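Structural overview
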Amino acid sequence: MRKPLMVMVVAVMAAIGHTAPAQASVNTVDMPFGMAYGNSTTSGTIHFTDGYTASVSGAVHAASGLRQVCAQGVNGSLTSGRPLCSPYAFEGGPNQTISGSLRIPVAGGVQRVYITMYDEYNVPLAREFCTRNGCTRER
């Protein structure tokens, strides 16, 4: 008697479109970032995956001079290689975007992403690092 009842319950659930809830990975996180240097700003999102990568998307706005934003992934002493950088934004011009993936092919993948705003002389003006738990301003 149990088997026919179970078959009927499963059939009814399928007919009304009942499905099990999706299981989200606890390691996949979207972390917003943002900082200012004077009236120049940068903001965006880092998408930490449960694999080896973190994707960065954002923009930089220059209120004076030229401004560029760069991102680099870190896991211990390993880095994601060459930093991912936006083009330079110039005073009064349009915002410039940064978009791409950072990858570290070791256990844990990208654990920390450093976001740095530079001027036209490649001098770091503002810097923060972000993890899956939040962002911390360093400079």
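Here, every reference points to the structure presented above.
Reference entry: report on the structure contained in this document. (Residues numbered from 1 in each chain as written. Predicted model: local features only at pLDDT ≥ 70, side-chain atom pairs only at ≥ 80, totals over all residues. Heavy atoms only, no water.)

1. Considering the overall build of the protein
Each helix and strand counted, the protein has one helix and eleven strands in total. Helices and strands in the protein line up, N terminus first, as α-β-β-β-β-β-β-β-β-β-β-β. A buried classification covers 35% of the 139 residues belonging to the protein. Taking contacts inside the protein between residues at least 6 apart in sequence as the whole, the part at least 24 apart equals 52%. Split by element, the accessible area of the protein, about 8,300 Å² in all, is 56% carbon and sulfur. (Helix = DSSP H or I, 4+ residues; strand = E, 2+ residues; numbered from the N terminus. Buried < 20%, exposed > 50% of the residue type's maximum accessible area, 1.4 Å probe, protein only. Contact = heavy atoms within 4.5 Å. Areas by Shrake-Rupley, 256 points an atom, 1.4 Å probe, with all protein chains shown as cover.)

2. Observations regarding the sheet that holds strand S8 (residues 96-103)
Here four strands make up an open sheet; going across it, the order is S1-S2-S3-S8 and the pairing antiparallel. Two strands bound the open sheet, and with one partner strand each, they are strand S1 (29-37) and S8. The sheet shows a mean angle of 15° between the axes of neighbouring strands, taken without regard to direction. (Pairing = 2+ DSSP bridges. Axes fitted to C-alpha atoms, helices over the stretch in contact; angles between N-to-C directions.)

3. Remarks on the nonpolar core
Membership of the largest hydrophobic core comes to 23 residues, with the highest contact counts inside it found for Ile46, Val56, Val113 and Ile115. The element that contributes the greatest number of residues to this core is S1, accounting for four residues. In contact with Val56, not counting residues within four places along its chain, are Phe33, Thr45, Ile46, Ala71, Leu84, Ile98, Ser99, Gly100, Leu102 and Val113. (Core = buried A, V, L, I, M, F, W, Y, C linked by side-chain atoms within 4.5 Å.)

4. A closer look at the side chain of Thr116
For Thr116, the position within the fold is in strand S9 (residues 112-118). Residue class for Thr116 comes out buried when judged on its relative accessible area of 6%. With residues near it in sequence (within four places) discarded, Thr116 still touches Met35, Gln68, Val69, Cys70, Pro124, Ala126 and Arg127.

5. Observations concerning unusual backbone geometry
Phi at Asn122 takes a positive value of approximately 65°, unusual for a residue other than glycine. In this structure, Asn122 sits in the loop between S9 and strand S10 (124-131). The exposure class assigned to Asn122 is partly exposed, which follows from its relative accessible area of 48%.

6. Some words on a nonpolar patch on the surface
A surface patch of nonpolar side chains, about 240 Å² in accessible area, is lined by Leu66, Tyr88 and Phe90. When you line up the elements, Leu66 lands in strand S4 (residues 66-75). Residue class for Leu66 comes out partly exposed when judged on its relative accessible area of 30%. (Patch = residues over 30% accessible without salt bridge, like charges linked within 9 Å, V, L, I, M, F, W, Y side chains within 5 Å. Salt bridge = Lys/Arg side-chain N within 4 Å of Asp/Glu carboxyl O.)

7. Some points on the pattern of salt bridges
Taken as a whole and judged by the stated rule, the model has two salt bridges. Here Glu120 ties to Arg67 by a salt bridge, and the two come within 4.0 Å at their closest N and O atoms. With a gap of 53 residues between them, Glu120 in the loop between S9 and S10 and Arg67 in strand S4 connect regions that are remote in the sequence. Residue Glu120 is classed as partly exposed on the basis of its relative accessible area of 34%. According to the relative accessible area criterion, Arg67 is buried, its value standing at 7%. Across the salt bridge formed by Arg127 and Glu138, the nearest N and O atoms sit 3.2 Å from each other. A residue pair is termed long-range when its members are at least 10 positions apart, and Arg127 in strand S10 and Glu138 in the segment after strand S11 (134-137) qualify at eleven residues.

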